[in-house]
Amino acid sequence: MDEIIQLDKLPQRLLTAVEIAQLLNISRAFAYQLMKRGKIRTVSMEGARRVRPEDLLHFIEASLEPSNQSQF
């Protein structure tokens, strides 16, 4: 069974694209695209890309759409 990663319990280490994909419920390929295009800030180490947990949270916060509160 796949382990569910909770955002409020992110590890205090750099995250891989596979972990990003699991956390965001997206494909690994799409996670790599977001990282490559700079949408999610990365750390690059000789070709390997990793994401700091705080950068993932920043991406999520920046991606939030304003709430659509309708008045009755």
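In this report, the structure presented in the accompanying data block is examined. What you see is a predicted model, and the numbers here were worked out from it, not measured in a lab. (Residues numbered from 1 in each chain as written. Predicted model: local features only at pLDDT ≥ 70, side-chain atom pairs only at ≥ 80, totals over all residues. Heavy atoms only, no water.)

1. Regarding the packing of helix 1 (residues 17–24) against helix 3 (residues 53–63)
Now for step 1: Contact geometry for helix 1 and helix 3: axes closest at 12 Å, N-to-C directions at 40 degrees. Crossing of helix 1 against helix 3: the hand is right-handed. Contacts between helix 1 and helix 3 involve I20, L23 and L24 on the former and, on the latter, L56, F59 and I60.
Now for step 2: Across the contact of helix 1 with helix 3, the residue classes tally to six nonpolar, no polar and no charged. (Axes fitted to C-alpha atoms, helices over the stretch in contact; angles between N-to-C directions. Helix = DSSP H or I, 4+ residues; strand = E, 2+ residues; numbered from the N terminus. Left-handed = near helix turned anticlockwise from the far one by under 90°. Contact = heavy atoms within 4.5 Å. Nonpolar A, V, L, I, M, F, W, Y, C, P; charged D, E, K, R; others polar.)

2. Concerning helix 1
Now for step 1: Within the span of helix 1, buried status applies to A17, E19, I20, A21 and L23.
Now for step 2: The inward-facing, buried residues of helix 1 abut helix 2 (28–36) and helix 3.
Now for step 3: Just downstream of helix 1 lies N25, where phi reads positive at about 55 degrees. (Buried < 20%, exposed > 50% of the residue type's maximum accessible area, 1.4 Å probe, protein only.)

3. Considerations on the environment of R50
Now for step 1: Within the fold, R50 resides in strand 2 (residues 48–50).
Now for step 2: In sequence terms R50 and I20 are 30 residues apart; their C-alpha atoms lie 9.4 Å from each other.
Now for step 3: What R50 contacts, discounting residues up to four positions off in sequence, is L14, L15, T16, M35, R41, T42, V43 and M45.

4. Re the packing of helix 1 against helix 2
Now for step 1: Close contact between helix 1 and helix 2 brings their axes to 8 Å; oriented N to C, the two are set at 110 degrees. Looking at the two axes, helix 1 sits roughly perpendicular to helix 2. Residues A17, V18, I20 and A21 of helix 1 touch helix 2, and the partners they reach there are R28, A31, Y32 and M35.
Now for step 2: Class assignment of the residues belonging to the contact of helix 1 with helix 2 gives a composition of seven nonpolar, no polar and one charged. (Parallel < 35°, antiparallel > 145°, perpendicular 65-115°, else oblique.)

5. Regarding the nonpolar core
Now for step 1: Core analysis: the largest hydrophobic core is formed by 12 residues, namely L15, A17, I20, A21, L23, A31, L34, M35, I40, V51, L56 and F59.
Now for step 2: At the level of secondary structure, the elements contributing two or more residues to this core comprise helix 1, helix 2 and helix 3.
Now for step 3: No other element matches the four residues that helix 1 contributes to this core.
Now for step 4: Residue contacts for I40: discarding those within four places in its chain leaves I20, L24, L34, M35, V51, L56 and F59. (Core = buried A, V, L, I, M, F, W, Y, C linked by side-chain atoms within 4.5 Å.)

6. Some thoughts on the pattern of salt bridges
Between side chains of opposite charge, pairing is possible as soon as their charged atoms come close.
Now for step 1: If you walk through the whole model with that rule in mind, you get three salt bridges.
Now for step 2: In this structure, the salt-bridge partner of E54 is R52, at a minimum N-O distance of 3.6 Å.
Now for step 3: Its relative accessible area of 42% is what places E54 among the partly exposed residues.
Now for step 4: Looking at R52, the relative accessible area reads 30%, which means it is partly exposed.
Now for step 5: Note that D55 and R52 form a salt bridge whose closest N and O atoms lie 2.8 Å from each other.
Now for step 6: A relative accessible area of 10% means that D55 is categorised as buried.
Now for step 7: Within the structure, one salt-bridge network assembled from shared partners comprises R52, E54 and D55. (Salt bridge = Lys/Arg side-chain N within 4 Å of Asp/Glu carboxyl O.)

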